[in-house]
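# Topology and contacts: notes
Residue strings, one per chain:
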Number of protein chains: 2
Amino acid sequence: MRELTVELGERSYPIYIGQHVLNDIVPFFEKHGIRKGSPLLIVSDDRIAPLHLTRVVELLEAGGFTVVTHVVEAGEKAKSLGILEQIVGTALNAGLDRNSTVIALGGGVVGDLAGFVAASYMRGVRFVQIPTTILAHDSSVGGKVAVNHPLAKNIIGAFHQPELVLYDTATLQTLPEREVKAGLSEMIKHGLIWDAEFAAWCEENAERLLALDPEALEYGLYRGCEVKSIVVSRDERENDLRAILNLGHTIGHALEAVAKYNELVHGEAISIGMVGSAKLAVKLGHPENIYVTTKRILSKFGLPTRLPAHLETDAIMSAMMHDKKFKEGKMVFVVPTDIGKVEINKNVSADLVREVVEQLKQEA
Amino acid sequence: MRELTVELGERSYPIYIGQHVLNDIVPFFEKHGIRKGSPLLIVSDDRIAPLHLTRVVELLEAGGFTVVTHVVEAGEKAKSLGILEQIVGTALNAGLDRNSTVIALGGGVVGDLAGFVAASYMRGVRFVQIPTTILAHDSSVGGKVAVNHPLAKNIIGAFHQPELVLYDTATLQTLPEREVKAGLSEMIKHGLIWDAEFAAWCEENAERLLALDPEALEYGLYRGCEVKSIVVSRDERENDLRAILNLGHTIGHALEAVAKYNELVHGEAISIGMVGSAKLAVKLGHPENIYVTTKRILSKFGLPTRLPAHLETDAIMSAMMHDKKFKEGKMVFVVPTDIGKVEINKNVSADLVREVVEQLKQEA
């Protein structure tokens, strides 16, 4: 098992990563002050719940906790205010109070949704993350929680740090192949923005990671979480540095929105977005190697690098204009300046971005 | 004009109270860092908007701000997640970004709703309050913002402090009589919990306050805000002391819910609730005088002191069980121990509360 602390002053919290850490959920909860006198609410989805929910509930009940559960339909559509209202109904009916804890058992969607419930229920209760996807190694660090609006993703939310994160690599063994790849996409991103060596490690270990080798996963998730935690610790409220985590996300979020959140999963969308950012980098005068290497690594993982041609360029551009990363009308992009290094460019012209989007449809 | 600072460290903010302070909205905004490069969103309701919205928009536009507005139906029902989603749609379509400011122009409902929009839009943008009711002197201090759930009031929300509050007593001159009385109910509460002299001042100045005498209003609002701000400064996140502000609110919130948020306005409900708390105090052995004086002051303002008999006791009790102020199954009440002094009693039996509720229906 590896342990990592996300350093955020009085809001610091630990992440425990390893095979079967969930077996020790009760001692972990006891160690981190999760209260037994008030009901716990576990939020999960209908893909993960059949695999892991019963066991988690049984462990907690055997440990003296009172537990109520709310299972949502798997997929991005669960991140809505309507579903949030239903979950709050469950919480109220179960008598959750200000000493209660909301637990996310699932991937990034469940984490974001349950996290915003925890952030807003009675103006904030405790929160625990139990990520069950590789992708969630990203969303479980940093405290960003949110739901979507019909017009934009993640636009209604909060910063709400968990008490602890329990990352059991055993829960990843049942992940569908597509989700495995998509999750590794964010892991690669952490290499691309911060640590060229880690990016190279990812490329060298692509087969092991895709085969869900526990040792490789444990290290990859650990280092991925660590990179993110270093960035978040230096900039909790996303004023500046934290924006580098958005590599590939400006285009990626737009693609997800235009594809109505069901054709592309998040990791696929940002894979295409990262290729786009690399193309943009080259157009802005940075070394050609950035594009070549970025595309090679992502391809090695079987991740998409070409933008589906039927997604309309106008719709993609328009979706980007709603993106949080545009300040006062200017287009802001995370642009790689080398492998393992990025900069925030606040003066990218919309025409150049449109050119990149068009060219992404022609990629080999 | 009177100025008051709510002391909350780096989240401290000023409240400006006086006749026609709104005329200086542009210099106030400039002084407090409200940005011109990003659109402002004013949220108001259809009772206040016809009276004040055009003027505020014109002043701001003349001062170089870009303004978009969203007007909701007046009343507690606007505090819903559905309306929040509509407002966020307006914000997105107008291009509000992270440097934008959301402004509440209206009473407590608009303040709570717009405040939660500000707290959650892009995970938090700037917020300004322009209260147009007497009641809002209470909600404009302390940063508590929220919407309702069909099962409970104010259950989904955040703590989000404004940049500044502009309290123009001129906007109060058009308040319906019922709203005037209801607003003075919270002002009296601030006397009852903290400052017997101020409670006495309120009683002595009942006629002037009910007649909306500007000088009396300015002082009353100032001292009301000040009492609240002292309490909030010492306990921003409602861990302990801040709970004293809930005098009358446990019963009051339940009454509002059972009356479906349309028969009783908030100030009326808490007036009945404060009489209930005073009765509870006497039952718990505190001086009879508490009940006599509380009831006399509230009556002098024409506020209700009797619980409408058709509201079912069972429904009221059940609504209270959902209240945030119950921790781990115990009933918690703010109980006066004297005029100007209260205590938090965490061991009030449900039977005693039921007795009080029944007796409140028999009040003279």
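Bear in mind the structure is a predicted one, so any value in this text is a computation, not a measurement.

### Some words on the overall build of chain A
From N to C terminus, chain A includes 14 helices and 11 strands. In terms of C-alpha radius of gyration, chain A reaches 20 Å, essentially the compact-globule figure of 21 Å for 364 residues. Summarising its shape, the C-alpha atoms of chain A cover approximately 60 × 40 × 35 Å along the three principal directions. Taking all contacts inside chain A whose residues are at least 6 apart in sequence as the whole, residues at least 24 apart take part in 75%. Looking at chain A as shown, the accessible area adds up to about 12,600 Å², and 48% of this sits on carbon and sulfur atoms. Of note, chain A has its 38 positive side-chain charges centred 3 Å away from the centre of its 47 negative side-chain charges.

### Overview of the nonpolar core
I15, I134, L255, F301, I316, M320 and F333 of chain A are the most contacted members of the largest nonpolar core, which totals 73 residues. Broken down by element, the residue count for this core peaks at 8 residues, all from helix α11 (residues 266–283) of chain A. Counting only domains with at least three residues in this core, you end up with domain 1 (2–174) and domain 2 (177–360) of chain A. Grouped together as the second largest cluster of nonpolar side chains are 72 residues, I17, L209, I270 and L307 of chain B included.

### Section: the interface of chain B and chain A
Reports often express the size of an interface as the amount of accessible area lost when the parts come together. Contact residues are listed per partner, giving 41 residues for chain B and 41 residues for chain A. Summing both sides of the interface, chain B and chain A together bury roughly 3,600 Å²; the carbon and sulfur share of this comes to 56%. Our count for the chain B to chain A interface comes out at 0 salt bridges. Of all the secondary-structure elements, those providing two or more residues to the side of chain B that touches chain A are α3 (81–93), α4 (108–120), β7 (144–149) and β8 (152–159) of chain B. Counted by class, the side of chain B that touches chain A contains 18 nonpolar, 12 polar and 11 charged residues.

### Things to note about helix α10 (residues 249–258) of chain A
Residue and element names in this part refer to chain A. Of all 10 residues in α10, 9 are buried; the element is thus mostly enclosed. Among the residues of α10, H249, T250, I251, G252, H253, A254, L255, E256 and V258 are the ones counted as buried. Contacts from the buried residues of α10 go to β8 (152–159), α6 (177–194), α11, α13 (313–321), β10 (333–338) and α14 (350–360). Of the residues one or two after α10, K260 is the one with positive phi, at around 55°.

### Some remarks on the pattern of salt bridges
Residues and elements named next belong to chain A. Under the definition given, this model contains 38 salt bridges over all chains. Among the ionic pairs, K228 bridges to D138, the shortest N-O distance being 3.3 Å. Highlighted residues: K228 in helix α9 (residues 214–234) and D138 in helix α5 (residues 136–139), separated in sequence by 90 residues. For K228, a relative accessible area of 7% corresponds to the buried category. Each of E76, K79, D112, K153 and E256 takes part in a single network of salt bridges with overlapping partners.

### Comments concerning the packing of helix α11 (residues 266–283) of chain B against helix α12 (residues 288–300) of chain B
Residue and element names in this part refer to chain B. Relative to each other, α11 and α12 sit at 165°, their axes nearing to 7 Å. Taken as axis vectors, α11 and α12 run roughly antiparallel relative to one another. In this structure, the crossing between α11 and α12 has a hand that is left-handed. Touching S271, M274, V275, A278, K279, A281 and V282 of α11 are E288, I290, Y291, T294 and L298, all from α12. Of the residues that constitute the contact of α11 with α12, the class distribution is 8 nonpolar, 2 polar and 2 charged.

### Here's the deal with the packing of helix α13 (residues 313–321) of chain B against helix α14 (residues 350–360) of chain B
To characterise two packed helices, one gives the angle between the axes of the helices and the distance between these axes. Residues and elements named next belong to chain B. At their nearest, the axes of α13 and α14 sit 10 Å apart, and the two run at 135° to each other. Between α13 and α14, the angle falls in the class oblique. Regarding α13 and α14, the two cross each other, and that crossing is right-handed. Of the residues in α14, those touching α13 at T313, D314, I316, M317 and M320 are A350, V353, R354, V357 and E358.

### Overview of the sheet that holds strand β2 (residues 13–18) of chain B
Residues and elements named next belong to chain B. Strand order in the open sheet formed by 7 strands is β1-β2-β9-β6-β5-β3-β4, and the pairing between neighbours is mixed. At either end of the open sheet lies a strand with only one pairing partner, and these are β1 (2–6) and β4 (67–72). On average, each strand axis in the sheet is inclined to that of its neighbour by 15°, with strand direction left out of account. In the sheet, strand β3 (residues 40–45) pairs with β4 via 6 bridges, with the strands oriented parallel. What sits directly across from I42, in β4, is T69. This element, α4, spans β3, β4, β5 (101–106) and β6 (126–131) of the sheet and lies at about 170° to β5. Taken strand by strand, helix α9 (residues 214–234) contacts β1, β2 and β9 (164–168), and its axis lies near 10° from that of β1.

### Points about the domain arrangement of chain A
Residue and element names in this part refer to chain A. In terms of domain boundaries, chain A breaks down into domain 1 (2–174) and domain 2 (177–360). Spacing between the C-alpha centres of domain 1 and domain 2 amounts to 26 Å. Contacts between domain 1 and domain 2 engage 33 residues on the former and 34 residues on the latter. Counting the surface lost from both domain 1 and domain 2, the interface buries some 3,200 Å², and carbon and sulfur atoms represent 63% of this. For domain 1, the biggest contributors to the area lost against domain 2 are R2, I134 and H137; these three give 20% of the whole. Our count for the contact surface shared by domain 1 and domain 2 stands at 4 salt bridges. Between the two partners, domain 1 and domain 2, sit 8 residue pairs in polar contact (both at pLDDT 80 or more). Taken together, the elements giving at least two residues each to the side of domain 1 that touches domain 2 come down to β1 (2–6), β2 (13–18), α5 and β8.

Conventions we followed
Residues numbered from 1 in each chain as written. Chains lettered and ligands numbered in written order. Predicted model: local features only at pLDDT ≥ 70, side-chain atom pairs only at ≥ 80, totals over all residues. Heavy atoms only, no water. Helix = DSSP H or I, 4+ residues; strand = E, 2+ residues; numbered from the N terminus. Rg over C-alpha atoms; globule rule 2.2 N^0.38 Å. Contact = heavy atoms within 4.5 Å. Areas by Shrake-Rupley, 256 points an atom, 1.4 Å probe, with all protein chains shown as cover. Lys, Arg positive; Asp, Glu negative; His and termini not counted. Charge placed at Lys NZ, Arg CZ, Asp CG, Glu CD. Core = buried A, V, L, I, M, F, W, Y, C linked by side-chain atoms within 4.5 Å. Buried < 20%, exposed > 50% of the residue type's maximum accessible area, 1.4 Å probe, protein only. Domains from an automatic or database assignment. Buried area = accessible area lost by both parts, 1.4 Å probe. Salt bridge = Lys/Arg side-chain N within 4 Å of Asp/Glu carboxyl O. Nonpolar A, V, L, I, M, F, W, Y, C, P; charged D, E, K, R; others polar. Axes fitted to C-alpha atoms, helices over the stretch in contact; angles between N-to-C directions. Parallel < 35°, antiparallel > 145°, perpendicular 65-115°, else oblique. Left-handed = near helix turned anticlockwise from the far one by under 90°. Pairing = 2+ DSSP bridges. Polar contact = N/O pair within 3.5 Å; in protein donor to acceptor, adjacent residues only side chain to side chain.

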